[in-house]
Amino acid sequence: MQLSPCLCGLLALVMSSVLDPGAGCDFDRSICQAHLPGDVIVGLITPSHSKVSALHQRTRGEPLTCTDFDVLPFVRILAAIHTIEEINAANVLPGVRLGYLMCDTCSDATKALQNVEYMLSVNGSLNIQCNYTDFRPPVKAMLGARFSEVSIAVARLLSLYMVPQLSSTSSSPALSDKLRFPVFLRTVPSDVHQTKALAKLMKRFDWNWVGVVYGDDDYGKAAFQSFLQDAEEMDVCLEYQEMVPHYLDHNHSMPRIKQVAKKIRSSTAQVVLLILKPELVEDLFKEMILTNTSKTWIASDAWSRNRPLAHMDGINSVGDIFGFTFVARKSESFDNYLKNLNPSPGGYNHIIEEYKNLRFNCTPECFSKDPPSYCPSPDLLKIKSPDACKYEDPQQANDDYLVTSLDTSETYNQRVAVWAVVYALKNLLQCNDSSCSGETNFPPWKLLEELKKVHFKLDDQECFFNKSGDFVNGYDLIMWEKDGDHRSFKKQGRYHVLDGKIELDVDVSEFNWLSSSNNTIPQSRCTESCRPGTEKKILNVSCCYTCMPCEEGTFADEWDLHECKKCPNDTWSLVGWTQCKPREESFLRWGEPYPITLVVSAAFGILLLLVIFIIFWVYRESAPMKRAEVTLSSVMMAGLAVSFASVICFMGKPDVHLCRARQMMYALGFTLCVSCILVKAFRTFLAFLPFGQLTHRGLGKLYMPPVIVTVLTALQGVICILWLIFDSPSIDNTPPSAQSMEKIIQCNVGHRYIGFGIMLSYIALLAFIGFLLAFKGRKVPQEFSETGYIIFSMLMYLFVWVCFIPIYIIKTGEGPYVQASAILVSNYGVIFCHFLPKCYEALWGSNTDTIEKILRRWHAFSSPGAAPEPEKDKETPQISTVSQGIGMLSRSKRAATVGGKGKVNPVGAEEVIISISNEPMNACPLPMVLQTHVRKRIRSMSL
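A quick note: this is a predicted structure, and the numbers were derived from the prediction, not measured. (Residues numbered from 1 in each chain as written. Predicted model: local features only at pLDDT ≥ 70, side-chain atom pairs only at ≥ 80, totals over all residues. Heavy atoms only, no water.)

Chemist: Can you walk me through the overall build of the protein in this structure?
Modeler: Broken down by element type, the protein carries 29 helices and 27 strands. By residue count, 52% of the 943 residues in the protein fall in the buried class. A separation of at least 24 residues holds for 72% of the contacts in the protein among residues at least 6 apart in sequence. Of the accessible surface of the protein, which amounts to about 43,300 Å², a share of 57% is contributed by carbon and sulfur atoms. (Helix = DSSP H or I, 4+ residues; strand = E, 2+ residues; numbered from the N terminus. Buried < 20%, exposed > 50% of the residue type's maximum accessible area, 1.4 Å probe, protein only. Contact = heavy atoms within 4.5 Å. Areas by Shrake-Rupley, 256 points an atom, 1.4 Å probe, with all protein chains shown as cover.)

Chemist: Could you clarify how one ought to interpret the packing of helix H17 (residues 593–618) against helix H19 (residues 630–648) in this entry?
Modeler: Helices that pack against each other are described as a pair by the angle of their axes relative to one another and the distance between those axes. Interaxial distance between H17 and H19 falls to 9 Å at its minimum, and their mutual angle equals 165 degrees. Between H17 and H19, the interaxial angle falls into the category roughly antiparallel. When the axes of H17 and H19 are compared, the crossing they make is left-handed. Each of Leu 598, Ser 601, Ala 602, Gly 605, Ile 606, Leu 609, Ile 612, Phe 613, Phe 616 and Trp 617 in H17 lies in contact with H19, whose residues at this interface are Val 630, Ser 633, Ser 634, Met 637, Leu 640, Ala 641, Phe 644, Ala 645, Val 647 and Ile 648. Across the contact of H17 with H19, the residue classes tally to 16 nonpolar, 4 polar and no charged. (Axes fitted to C-alpha atoms, helices over the stretch in contact; angles between N-to-C directions. Parallel < 35°, antiparallel > 145°, perpendicular 65-115°, else oblique. Left-handed = near helix turned anticlockwise from the far one by under 90°. Nonpolar A, V, L, I, M, F, W, Y, C, P; charged D, E, K, R; others polar.)

Chemist: Explain a nonpolar patch on the surface to me, please; I cannot follow it from the model alone.
Modeler: Together, Phe 604, Leu 607, Leu 610, Val 611, Phe 613, Ile 614, Trp 617, Val 618, Tyr 619, Tyr 840, Leu 843 and Trp 844 make up an exposed nonpolar region whose accessible area comes to about 1,200 Å². For the nonpolar patch, the secondary structure elements donating two or more residues are H17 and helix H25 (815–844). (Patch = residues over 30% accessible without salt bridge, like charges linked within 9 Å, V, L, I, M, F, W, Y side chains within 5 Å. Salt bridge = Lys/Arg side-chain N within 4 Å of Asp/Glu carboxyl O.)

Chemist: Honestly, the state of the cysteines in this entry has me stumped. Any pointers?
Modeler: Every disulfide links exactly two cysteines, by a covalent bond between their sulfur atoms. What the rule picks out here adds up to 11 disulfides. The disulfide that involves Cys 66 links it to Cys 106, with 1.4 Å between the sulfurs. Every disulfide takes its handedness from the sign of the S-S torsion; for Cys 66 and Cys 106 that torsion is 80 degrees, giving right-handed. One end of the pair, Cys 66, is in strand E4 (residues 66–69); the other, Cys 106, is in the loop between strand E5 (98–103) and helix H4 (109–120), with 40 residues separating them in the sequence. On the basis of relative accessibility, which here comes to 1%, the residue Cys 106 falls in the buried class. Across a sulfur-sulfur distance of 2.0 Å, Cys 530 and Cys 547 are joined as a disulfide pair. Measuring handedness by torsion sign, the sulfur bridge of Cys 530 and Cys 547 sits at about -90 degrees and is left-handed. Residue Cys 530 is found in the loop between strand E19 (503–506) and strand E20 (534–538), and its partner Cys 547 is found in strand E21 (residues 545–549); the two are separated by 17 residues along the sequence. (Disulfide = S-S within 2.5 Å.)

Chemist: Explain helix H7 (residues 218–233) here, please?
Modeler: An α-helical segment advances 3.6 residues per turn. Residues three or four places apart therefore align on the same side. For H7, which comprises 16 residues, the first-to-last C-alpha distance of 23 Å matches the rise-based estimate of 22 Å (1.5 Å per residue) to within 8%. Turning to H7, the residues buried within the fold contact helix H5 (148–161), helix H6 (191–204), strand E9 (209–215), strand E10 (237–244) and strand E11 (271–275). A positive phi of about 60 degrees marks Asp 235, the residue just after H7. (Expected span 1.5 Å × (residues − 1).)

Chemist: I tried to follow the sheet that holds E5 on my own but got confused; where do I start?
Modeler: Consider a sheet: its strands pair through backbone hydrogen bonds, and that pairing is either parallel or antiparallel. An order of E8-E7-E6-E2-E5-E1-E14 is seen for the 7 strands of this open sheet, with the pairing classed as mixed. Lying at the two open borders of the sheet, with one neighbouring strand each, are strand E8 (184–186) and strand E14 (348–349). Sheet analysis places strand E7 (residues 165–167) next to E8, joined by 3 bridges and oriented parallel. Each bridged residue has a counterpart across the sheet, and for Ser 167 the counterpart in E8 is Arg 186. (Pairing = 2+ DSSP bridges.)

Chemist: Any chance you could explain the environment of Val 711 here in plain terms?
Modeler: In this fold, Val 711 is placed in helix H22 (residues 705–726). Among the residues examined, Val 711 registers a relative accessible area of 49% and is labelled partly exposed. In sequence terms Val 711 and Leu 672 are 39 residues apart; their C-alpha atoms lie 9.9 Å from each other.

Taken by themselves, the reported measurements are silent on function.
Put into structure tokens, the structure is as follows:
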């Protein structure tokens, strides 16, 4: 947009009143300290003094007085001057001579703006124009400034005139904004990369609890904000953040330094990042040395290679120091230049004069206890040569002090900046090997365009600007090693930012740590690292946490995980595991001890049944076997064998068919056995308990063993069929316990346990009925019944299964073990109670008992008041005794009577009587009536 002539005139009037330097001022002495004429002038806006005197007391527009000569920036100025002289000597720009104008900024933005005004002024004035497209100041480019605070102020002003500005030290991220600072370029990376490097370094050494001290200037604030963002990404937390005044002559500077030093001493963070000027770092270190405080210090690029700091008295007591510095290269020709230091021919250089006066001027009085006022400060007296009084003219004296006391490789980026201007000028002036045809008095914006496009090599380094006007050649990691009473710089790594790749190369094995006694990496954490198998539970900030073990089903295979990882499919983990494993399948394996015991017990039971079966059939004619009823007992054995076989189905990895088979086999097999036991109990109940004639007839009709056994077993079969249809046993899909690495593969008995419960209840009901019937006949002699065995076996069964049910429900994972064990105990209970006693009687028992003795004992047992009769010789039976016994049996209601057509009475009693009636009773014939009665009784008792 074009400004109106009136507005342009008004602006010109106002700006001329502000920017006119005025008369009576010796600019050559008061503003600019070095000058070399040339066809193209380059401005050097860099400090040779560290501060402006009494700046905080300045209330009027008085001259700005610089104090405290600073050797390091002085050497950087000399690097630029030497490079210009080398270029002129080498005739790099044929026919064109480079000149320079150096003005001391004194590390102050206001003073730097005054310098820029002077450099841009034409004939002592800087005219206000509406259009600066054809503005042609004597200085075509500015090199500097040192600090970002100053560079930002200067760049704002130069952007009006579009004069290019190149800095080799200002690294504030704000200067990369080309909308705000279109003319600013730099030969170092932005602090965006430096803060990333710092955060990566902390992450590399596992430091997540640090303190930060930064200056309140633009450089410190911008770098701190950038570090905050990068630190958060790297999980680095700040215990404290302290800001100090950047202005060195500030009256609150030292009190604030003391406060910060106290904070550092009291903190738990062992790592401190200092984004400060070297002078402020020196003041802080003095406080640390006084209190013998040792920390690990990380330097910003502003002081990471500062030689005066490395040579401080007591510097070894502050702890480890390292940081990132810009790429540096030594120049032998520059070192020789410093050893033979003289102003450029044809120009002047007052800063060299000032340095030589400080170095070689003979002033022994300045070392007295009360030095004169003209003497420099004690810090500057350190520059004084011990041979100063040997030189007659200080300006003619030289030595190697600058080379030996400073790291001259730091001046590499100043040399790069000068060469960048030279390559841009070659393109702009259309130079060839013999001449440059372009106009030397060009508008500065043309040089700016060419500067953005330069791409060259210097000392094997690629040099070019990115779209933000920055170099991206990375950083060197420098560690301050102990070197006697001082420190020396050792390169320990490299931070690369080329081609979009960010990489930190650090050789930790080469570090010699001073903060730790055993040369291990010092620790600086709010909380110790969480080991694998644990996760972080944040307390208040992300670096302060507790380490909690990973829950079941999760794992942590790395240190300091914020959240445990979930186990992949088909794997699991327990509390605090570092990996997941497949769950081990658990079932009754054939080769394990307990399953082997179960199988052996079942096989032994089946074998025992086979032996018992053989004994029963071999001795089937014996009295014990006749009383045990061989046929019915054989059916019992078959049921028990099936029940034993069901135990074998519990072995191995189950499938749905085995799940159903073992339950059906046990249900039908044991039901068959219990049905036979119930028939035996019912037989004794009918034969020996008192009932009337009508009751005996009704109950006698019910005594049909084959029918009873078949019906009762068939009813269990119906229950099993309905069970299979509506709630069939299947593989249990219940998820394993979270606290177990075993995946229990077992059968369930149905989702609702109804079929399983009815099946067991039915067997229990049969057993309980058999128990009641046997209990009613418990006083009957064992020779006529098995009531005692029945009672004991049924009680055992009921007790086992009453215990089994709650255990089966509670111990879900041990159901197969419990049920198989219960089946075995029940089966062996029947074997030991029913079969083994009979086998013993058949093999070793006595067969000489007569009915007379049996009935006498029974009568004595059932009638406690009757007097016992003497036992007769069994070889001479007494008719009267037998007759009385039989008469008693006929008269007693304890013996079953025959119905109208001679229905069946209990078999056991008949067999006993028949075996006794074969004895020589006929030798003494009974009376006819009694004999007939006995025969009828005998016939009526036959099956």
